[in-house]
Amino acid sequence: YRNNEEYNKNKYAYILTNLDEVVRYIYSDEFRSEIDKKYQNSYYSKLKQAFPNSTAVTTNYTPFLEFAKFEETMFLAGKLSQFEIPEELRVIEIGDNEDTANKFIFPYMSTQAPLKPIVDCAQLKEYSKFIDTLDNTDVLVIIGYNINDNDNHINALLRDFLIKKPTNRIVFSQYVDNANNFNREKAISDVAKKLRITSKATKDQITAIPNRGTTDEILSILRG
């Protein structure tokens, strides 16, 4: 698309007008190859290399986590390749070569607070896999997810994860400009408050680490 005159004239308009084409390209082997080279030093890839048997869960829509090839990847808010067909009450995958001509489709993205017009089986299965994963792990590391009230449908599962088993732990990675701006106790208290946790014993299952955007630093702290 760098050489496409129409795209470069108005990228936003071009993408909306050619949504099917653009999404197919993002999921193509050609784009995957380009991204593999560009993101091989990203925290997605480095986390996968450091913790090869890990499962990744995301609320982002992009396929970047898939490119990192975690053992399993779950998309709680839908994927960029998924589209709704409201007349048929179903969700399709662009990569499945479904004929979308003359059909009214729109991206299947589960926004934070509003209720979705369609709750598809595919999304329910993602949540089911997420719950199974939480049941079979003892440490959940949160990177790049800001716990807030708009995501209480997810936060309720995180709260249950801590309360269900006293040995379970959450490690919350908080973005900070520099180490001096990091207050561990406050970060832990904020997470506990957002997860509606009042018990000191359960609160002690939460720890926080600073994240200054340096992957190697995060990995060093996590290994410790």
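Calculation notes
Residues numbered from 1 in each chain as written. Predicted model: local features only at pLDDT ≥ 70, side-chain atom pairs only at ≥ 80, totals over all residues. Heavy atoms only, no water. Helix = DSSP H or I, 4+ residues; strand = E, 2+ residues; numbered from the N terminus. Phe/Tyr/Trp six-rings, centres within 6.5 Å; stacked < 30°, edge-to-face > 60°. Buried < 20%, exposed > 50% of the residue type's maximum accessible area, 1.4 Å probe, protein only. Pairing = 2+ DSSP bridges. Axes fitted to C-alpha atoms, helices over the stretch in contact; angles between N-to-C directions. Expected span 1.5 Å × (residues − 1). Arc of directions from axis to C-beta. Contact = heavy atoms within 4.5 Å. Polar contact = N/O pair within 3.5 Å; in protein donor to acceptor, adjacent residues only side chain to side chain.

**Q** Just to check I follow, could you spell out unusual backbone geometry for this structure?
**A** Trans is the prevailing form of peptide bonds, just as negative phi is the prevailing case for residues other than glycine. A positive phi angle, close to 50°, is found at Leu89, a residue other than glycine. Positioned with a positive phi, Arg196 is a non-glycine residue whose angle comes to about 60°. Counting through the fold element by element, Arg196 comes out in the loop between α9 (184-194) and α10 (200-203).

**Q** Help me out: how do you make sense of the packing of aromatic side chains in this one?
**A** For any pair of aromatic rings, the description rests on two quantities: the centre-to-centre distance and the angle between the ring planes. For the coordinates displayed, the defined rule picks out six aromatic pairs. Plain terms: the ring middles of Tyr7 and Tyr14 are 5.8 Å apart, the flat faces sit at 85° to each other, and that makes the pair edge-to-face. Of the residues examined, Tyr7 reaches a relative accessible area of 18% and is grouped as buried. In textbook terms, an aromatic cluster arises when at least three aromatic residues are bridged by ring pairs, as seen for Tyr1, Tyr7, Tyr14, Tyr25 and Phe31.

**Q** Would you take a moment to explain the sheet that holds strand β3 (residues 82-85) for this structure?
**A** Where strands meet in a sheet, backbone hydrogen bonds hold them as pairs that are either parallel or antiparallel. The sheet built from three strands is open, its strands ordered β4-β3-β5 with antiparallel pairing. Edge positions in the sheet fall to β4 (90-93) and β5 (106-107), since each has one partner strand and no second. Judged from the four bridges that link them, β3 and β4 form a sheet pairing that is antiparallel. For Gln82, the partnering residue across the bridge sits in β4 and is Glu93.

**Q** I'm lost on the environment of Leu222 in this one. Help?
**A** Tracing the backbone shows Leu222 in helix α11 (residues 215-223). Between the C-alpha atom of Leu222 and that of Ala50, which follows or precedes it by 172 residues, the distance is 9.8 Å.

**Q** When you look at the sheet that holds strand β7 (residues 169-175) in this model, what are you seeing that I'm missing?
**A** Taking strand neighbours across the sheet as the criterion, the three strands line up as β6-β7-β8 in an open arrangement whose pairing is parallel. Both edges of this open sheet fall to β6 (139-142) and β8 (206-211), since each of them pairs with a single strand only. With direction set aside, neighbouring strand axes in the sheet form an average angle of 20°. In this sheet, β7 lies alongside β6 in parallel orientation, the contact comprising four bridges.

**Q** Explain helix α7 (residues 121-135) to me, please; I cannot follow it from the model alone.
**A** An α-helical turn contains 3.6 residues, so a residue and the one three or four places further along point in the same direction. Its 15 residues place the ends of α7 21 Å apart at the C-alpha level, agreeing with the 21 Å of an ideal helix rising 1.5 Å per residue. Buried within α7 are the following residues: Gln123, Glu126, Tyr127, Phe130 and Leu134. Mapping the buried residues of α7 onto a view down its axis gives an arc of 95°, with all of them on the same face. Exposed positions of α7 whose direction lies more than 90 degrees from the buried face are Cys121, Leu124 and Lys125. Structurally, α7 contributes buried residues whose contacts are with β1 (55-58), β2 (72-75), β6 and α8 (152-164). Where α7 starts, the residue carrying a side-chain oxygen 2.9 Å from the main-chain nitrogen of Ala122 turns out to be Asp120.

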